[in-house]
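Understanding the architecture of this molecule
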Amino acid sequence: MPPQSTHEDLLHAIDQASLALANSQYLNILLDDQGSNSNSDSNTDSDLNSLYTSDEEDLAFASPSPMSPMSPMSPMSHLLGLSSDISSHSDQSDDSDDAAVCYDRLQHTIAALCDEVERAHVFHKPNEPPPQAPQLHMLVHHEEHRPHLFCQKLCINPEIFDNILNQISSHPIFRNQSNNPQLPVSIQLAIFLNCAGHYSNAISLEDVTQWAGVSVGSVVNCTNHVMVALLEEHNQFIFFPEDNSEDAELAQHFAET
């Protein structure tokens, strides 16, 4: 059975946290309902007890005249009792509102974290990185002693390589404001020529990374940088020759032969 990926583990942990939050919110609502019911019952019992007590006291200390009515309760006492009930209910509602706000914030945080995990791409890091044997340093030897091997690898002569290098080295694409400097322009040009001079099964990103000793992202970045610099020089070096010119005659002769 294949091991579960880190991406699935994170999503499972987020689901468990959301379920735990929902259970906690449900229990909090039940406790609030039970507390409100118990408070209402206790308030009702206390009101009845106070009413019975006041009636007994009025009967005990009233005058013996049978026609004398009982003294009614003061309206202010009713207002005070009502205000105390309203204040206690408002305190409970404020506490429940604060709890609801906290639960909403936690729920939004969990949802945002879930979206971030779903959009992220978690790559597996192997315990033992693959070995690399860069061969870029061999181009210097081939350029001086074996130009045919240099041309076989980069598909151009060393002299043309130097001319292109001098032409594109000043392009701003090879300069950045990052703390991580780019690779030298000569290495970026060599990586680009190695990719552009081969196709199909003869080349791949993994093959170039093994040959150059860089990462896959560096190969892509170097290729894009050199392409941008070369396209800036397109109109200067690539154009149709004029009629009856030496270049047109050479092109015609090449096409005919």
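Residues numbered from 1 in each chain as written. Predicted model: local features only at pLDDT ≥ 70, side-chain atom pairs only at ≥ 80, totals over all residues. Heavy atoms only, no water.

1. Brief notes about the overall build of the protein
Of the regular secondary structure elements, the protein holds 10 helices and zero strands. What you see in the protein, going N to C, is helices and strands ordered as α-α-α-α-α-α-α-α-α-α. The contacts in the protein between residues at least 6 apart in sequence include a share of 63% that link residues at least 24 apart. (Helix = DSSP H or I, 4+ residues; strand = E, 2+ residues; numbered from the N terminus. Contact = heavy atoms within 4.5 Å.)

2. Here's the deal with the nonpolar core
Judged by nonpolar contacts, the single largest core of 24 residues is most densely connected at Leu 154, Phe 161, Leu 189, Ile 191 and Trp 211. Looking at which element gives the most residues to this core, the answer is helix H6 (residues 185-196), with six residues. Once residues lying within four places of it in the same chain are set aside, the contact partners of Phe 161 are Phe 150, Leu 154, Ile 156, Ser 186, Leu 189, Ala 190 and Leu 193. Judged by nonpolar contacts, the second largest core, of seven residues, contains Ile 14, Leu 21, Cys 114 and Val 117. (Core = buried A, V, L, I, M, F, W, Y, C linked by side-chain atoms within 4.5 Å. Buried < 20%, exposed > 50% of the residue type's maximum accessible area, 1.4 Å probe, protein only.)

3. Some thoughts on the packing of helix H5 (residues 158-168) against H6
The interhelical angle for the contact between H5 and H6, taken along N-to-C directions, is 120°, at an axis separation of 10 Å. In terms of axis orientation, H5 runs oblique to H6. Relative to H6, H5 is oriented so that their crossing is right-handed. Seen from H5, the contacting residues are Phe 161, Ile 164, Leu 165 and Ile 168; seen from H6, they are Val 185, Ser 186, Leu 189, Ala 190 and Leu 193. The class makeup of the residues in the contact of H5 with H6 is eight nonpolar, one polar and no charged. (Axes fitted to C-alpha atoms, helices over the stretch in contact; angles between N-to-C directions. Parallel < 35°, antiparallel > 145°, perpendicular 65-115°, else oblique. Left-handed = near helix turned anticlockwise from the far one by under 90°. Nonpolar A, V, L, I, M, F, W, Y, C, P; charged D, E, K, R; others polar.)

4. A look at unusual backbone geometry
With phi around 65°, Cys 155 is a residue other than glycine that occupies positive phi space. Residue placement: Cys 155 occurs in the loop between helix H4 (147-154) and H5. Unusually for a residue other than glycine, Asn 244 sits at a positive phi of about 65°. Examined against the element boundaries, Asn 244 turns out to sit in the loop between helix H9 (234-237) and helix H10 (246-256). Since its relative accessible area comes to 76%, Asn 244 is described here as exposed.

5. Here we look at the state of the cysteines
Put plainly, two cysteines are in a disulfide when a covalent bond ties their sulfur atoms together. Considering all chains together, one arrives at zero disulfides under this definition. Between Cys 151, a cysteine without a disulfide, and Cys 155, which holds the nearest cysteine sulfur, the sulfur-to-sulfur distance is 6.6 Å. Residue Cys 155 is classed as partly exposed on the basis of its relative accessible area, which comes to 40%. (Disulfide = S-S within 2.5 Å.)

6. Things to note about the packing of H6 against helix H7 (residues 205-212)
The description of two helices packed together rests on the angle between their axes and the distance between the axes. For the pair H6 and H7, interaxial distance at closest approach is 11 Å and the crossing angle is 145°. The hand of the H6/H7 crossing is right-handed. Of H7, the residues touching H6 (which contributes Ala 190, Ile 191, Asn 194 and Cys 195) are Val 208, Trp 211 and Ala 212.

7. Regarding helix H8 (residues 216-232)
Residue pairs three or four apart in sequence face the same way in an α-helix, which turns once every 3.6 residues. Along its 17 residues, H8 runs 25 Å from first to last C-alpha, staying within 8% of the 24 Å computed at 1.5 Å per residue. If you check which residues of H8 are buried, you get Val 219, Cys 222, Thr 223, His 225, Val 226 and Ala 229. Projected onto a plane normal to the axis of H8, the buried residues spread over an arc of 165° and lie on a single side. Opposite the buried face of H8, by more than 90 degrees, sit the exposed residues Leu 231 and Glu 232. Packed against the buried residues of H8 are H5, H6 and H7. (Expected span 1.5 Å × (residues − 1). Arc of directions from axis to C-beta.)

8. So, the packing of aromatic side chains
Following the criterion strictly, the structure yields one aromatic pair and no others. Aromatic side chains Phe 150 and Phe 161 sit 5.7 Å apart centroid to centroid with 85° between the ring planes, which places their arrangement in the edge-to-face category. Separated by 11 residues along the polypeptide, Phe 150 in helix H4 and Phe 161 in helix H5 bring together distant segments of the chain. (Phe/Tyr/Trp six-rings, centres within 6.5 Å; stacked < 30°, edge-to-face > 60°.)

9. Examining the environment of Pro 184
On the secondary structure map, Pro 184 appears in the loop between H5 and H6. Classification of Pro 184 as partly exposed rests on a relative accessible area of 44%. Expressed as a C-alpha distance, the spacing of Pro 184 and Cys 222, which sit 38 residues apart in the sequence, is 9.8 Å.

10. Comments concerning the confidence of the model for the protein
When the pLDDT values of the protein are averaged, the result is 75; 69% of them are 70 or greater. Predicted confidence for residues 55-83 stays below pLDDT 50, and this span has six contacts to residues more than four positions away or in other chains. (pLDDT = per-residue confidence, 0-100.)

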